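Coordinate inspection notes
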Amino acid sequence: MPHIIFKGIDMEDVKRIEQLVVKEISNIVNCPVDHFTVEWTPTIFITQGVENTGGHPFVTVNWFKRSREQRNDVAKMITGQVLDLGYTDVCVYFNELDPCAYYENGVHY
């Protein structure tokens, strides 16, 4: 686990950076790449009553608690990858999950 969720970004762009993002986070937090999941969630933004589908990338990282330095490194890396795709603004948010409340296939983690 970490579980990375991309919103407000084109799915093809997520496909372009997914492997590199997972590999880099794996190196930063010392977690095997096969423990990651990556999700793309289609998003519709509404601004003054008008729908639009992108341009405001928001990346959520659900994981067990890591150090501030690791969060900083991951946020910088994700931000850089998304900016390199041509987006001008990126938000990265970390949800720190409680291992006591995490179950996989009905078994406590």
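Residues numbered from 1 in each chain as written. Predicted model: local features only at pLDDT ≥ 70, side-chain atom pairs only at ≥ 80, totals over all residues. Heavy atoms only, no water.

What follows is about the pairing of strand β2 (residues 37-41). For strand β1 (residues 3-7) and β2, the ladder comprises five bridges, and the chain directions are parallel. Across the sheet, Phe-6 pairs through a bridge with Trp-40, a residue of β2. With helix α1 (residues 11-29) bridging β1 and the parallel β2, this β-α-β connection has right-handed handedness. (Pairing = 2+ DSSP bridges. Helix = DSSP H or I, 4+ residues; strand = E, 2+ residues; numbered from the N terminus. Right-handed = clockwise from strand over helix to strand, strands pointing away.)

Under the 1.5 Å per step criterion, the end-to-end length of helix α2 (residues 68-84) is 24 Å for 17 residues, consistent within 8% with the ideal 24 Å. Within α2, the full set of buried residues consists of Gln-70, Arg-71, Val-74, Ala-75, Met-77, Ile-78, Gln-81 and Val-82. In a view along the axis of α2, the buried residues occupy a sector of 165 degrees, so they form one face of it. The exposed residues of α2 that point more than 90 degrees off its buried face are Arg-68, Glu-69, Lys-76 and Asp-84. In this structure, the buried side of α2 is in contact with β1, α1, β5 (58-64) and β6 (91-97). (Expected span 1.5 Å × (residues − 1). Buried < 20%, exposed > 50% of the residue type's maximum accessible area, 1.4 Å probe, protein only. Arc of directions from axis to C-beta. Contact = heavy atoms within 4.5 Å.)

Inspection of every chain in the model, using the stated rule, returns zero disulfides. Residue Cys-100 stays outside any disulfide, its sulfur separated by 18 Å from that of Cys-31, the closest cysteine. (Disulfide = S-S within 2.5 Å.)

Inspection of the secondary structure assignment puts Asp-13 in helix α1. Exposure remark for Asp-13: the relative accessible area of 9% places this residue in the buried category. At a separation of 2.6 Å, a polar atom in the side chain of Asp-13 contacts the side chain of Tyr-87. With near-sequence residues (within four places) excluded, Asp-13 lies in contact with Leu-85 and Tyr-87. (Polar contact = N/O pair within 3.5 Å; in protein donor to acceptor, adjacent residues only side chain to side chain.)

A few words now on the pattern of salt bridges. Inspection of the entire model under this criterion finds three salt bridges. We note a salt bridge from Glu-12 to Lys-15, for which the minimum N-O separation is 3.3 Å. Residue Glu-12 and its partner Lys-15 are located together in helix α1, separated by three residues, close to a single helical turn. According to the relative accessible area criterion, Glu-12 is partly exposed, its value standing at 39%. Between Asp-13 and Arg-16 there is a salt bridge whose closest N-O contact spans 2.6 Å. In this pair, Asp-13 and Arg-16 both sit in helix α1, three residues apart, roughly one turn of the helix. (Salt bridge = Lys/Arg side-chain N within 4 Å of Asp/Glu carboxyl O.)

Among the nonpolar cores identified, the biggest contains 22 residues, and Ile-4, Phe-6, Val-21, Ile-25, Trp-63, Ile-78 and Val-82 are the most heavily contacted of them. Considering every element that reaches this core, the biggest residue donor is α1, with six residues. (Core = buried A, V, L, I, M, F, W, Y, C linked by side-chain atoms within 4.5 Å.)

Time to look at the pairing of β6. Where β5 and β6 come together, seven bridges link them in parallel fashion. The partner of Phe-64 across the bridge, within β6, is Leu-97. Between β5 and its parallel partner β6, the chain crosses via α2, and the hand of that crossover is right-handed.

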